[in-house]
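One letter stands for each residue in the lines below.
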Amino acid sequence: MQIKRDDLRGPEIAAMLEAHLKDFEPHSPPESRHALDLEGLRQPSIHFYSAWDDGQLLGCGAFKRLDDTHAEIKSMRTDPVHLRKGVARAILAHLIEEARATGLQRLSLETGPMAHFAPARKLYQAFGFETCEPFGSYREDPYSVFMTRRL
């Protein structure tokens, strides 16, 4: 598996991110969906990475700088064909190392409380993320769980 910084120009990543956004529709109302679309991810404050194996896109993830010391994990996604193969673990570990390398001191994230998001919450907990209060521009929301960890 190769994880690389991605310019978000390839058709594979566009399709994966479209599926990522569509995946939230049955689980939360529009006002409680905080995933970014392609254009939203093409910002200078966002470091986006994709995981590949033999030309096949396995997954993706990003972090968005909130300030000089704090960033938010965004767009964590594994292709359903590659679930339970360590893709998300590898991407999350890579994001943490890249965030450290850029001088960040904290990573936070927002995910859902429903059963659909339980594997994601379990993964984040395994990496030392703990539940926290809303951060940045987030507000309390019954469709959100907020997590954070120091680097």
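Below is a short write-up of the structure. (Residues numbered from 1 in each chain as written. Predicted model: local features only at pLDDT ≥ 70, side-chain atom pairs only at ≥ 80, totals over all residues. Heavy atoms only, no water.)

Observations regarding helix α3 (residues 87-101)
Thinking step 1. Relative to the 21 Å expected for 15 residues at 1.5 Å per residue, α3 spans 21 Å between its end C-alpha atoms, a close match to the ideal helical length.
Thinking step 2. Of the residues making up α3, those classed as buried are V87, I91, L92, L95, I96 and A99. The arc that holds every buried residue of α3, seen down its axis, measures 165°, which confines them to one face.
Thinking step 3. Following α3 by one or two positions, G103 has its phi on the positive side, about 90°. (Helix = DSSP H or I, 4+ residues; strand = E, 2+ residues; numbered from the N terminus. Expected span 1.5 Å × (residues − 1). Buried < 20%, exposed > 50% of the residue type's maximum accessible area, 1.4 Å probe, protein only. Arc of directions from axis to C-beta.)

Some points on the pattern of salt bridges
Thinking step 1. Following the criterion strictly, the structure yields four salt bridges and no others.
Thinking step 2. Note that D23 and R77 form a salt bridge whose closest N and O atoms lie 3.4 Å from each other. Taken as a pair, D23 in helix α1 (residues 11-24) and R77 in strand β4 (residues 70-78) lie far apart in primary sequence, 54 residues in all.
Thinking step 3. Given the relative accessible area of 26%, D23 is considered partly exposed.
Thinking step 4. Classification of R77 by relative accessible area gives buried; the value is 13%. (Salt bridge = Lys/Arg side-chain N within 4 Å of Asp/Glu carboxyl O.)

Considerations on the side chain of S144
Thinking step 1. Among the secondary structure elements, S144 is positioned in the loop between β6 (130-131) and β7 (145-150).
Thinking step 2. The exposure class assigned to S144 is buried, which follows from its relative accessible area of 10%.
Thinking step 3. Of the polar contacts made by the side chain of S144, one reaches the side chain of E110; its length is 2.7 Å.
Thinking step 4. With sequence-adjacent residues up to four places away left out, S144 is seen in contact with H34, E110, T111 and P113. (Polar contact = N/O pair within 3.5 Å; in protein donor to acceptor, adjacent residues only side chain to side chain. Contact = heavy atoms within 4.5 Å.)

With respect to the pairing of β4
Thinking step 1. A large share of β4 lies buried, amounting to nine of its nine residues.
Thinking step 2. Note that strand β3 (residues 56-65) and β4 share six bridges and pair antiparallel. If you follow R65 over to β4, its bridge partner there is A71.
Thinking step 3. Joining the antiparallel neighbours β3 and β4 is a turn of four residues.
Thinking step 4. At this point the chain moves from β4, through α3, to the parallel strand β5 (residues 106-111), and the crossover so formed is right-handed. (Pairing = 2+ DSSP bridges. Right-handed = clockwise from strand over helix to strand, strands pointing away.)

Quick word on the side chain of H82
Thinking step 1. Checked against the element boundaries, H82 lands in the loop between β4 and α3.
Thinking step 2. The exposure class of H82 is buried, given its relative accessible area of 10%.
Thinking step 3. Once residues within four sequence positions are removed from consideration, H82 is found in contact with Q56, L57, L58 and V87.

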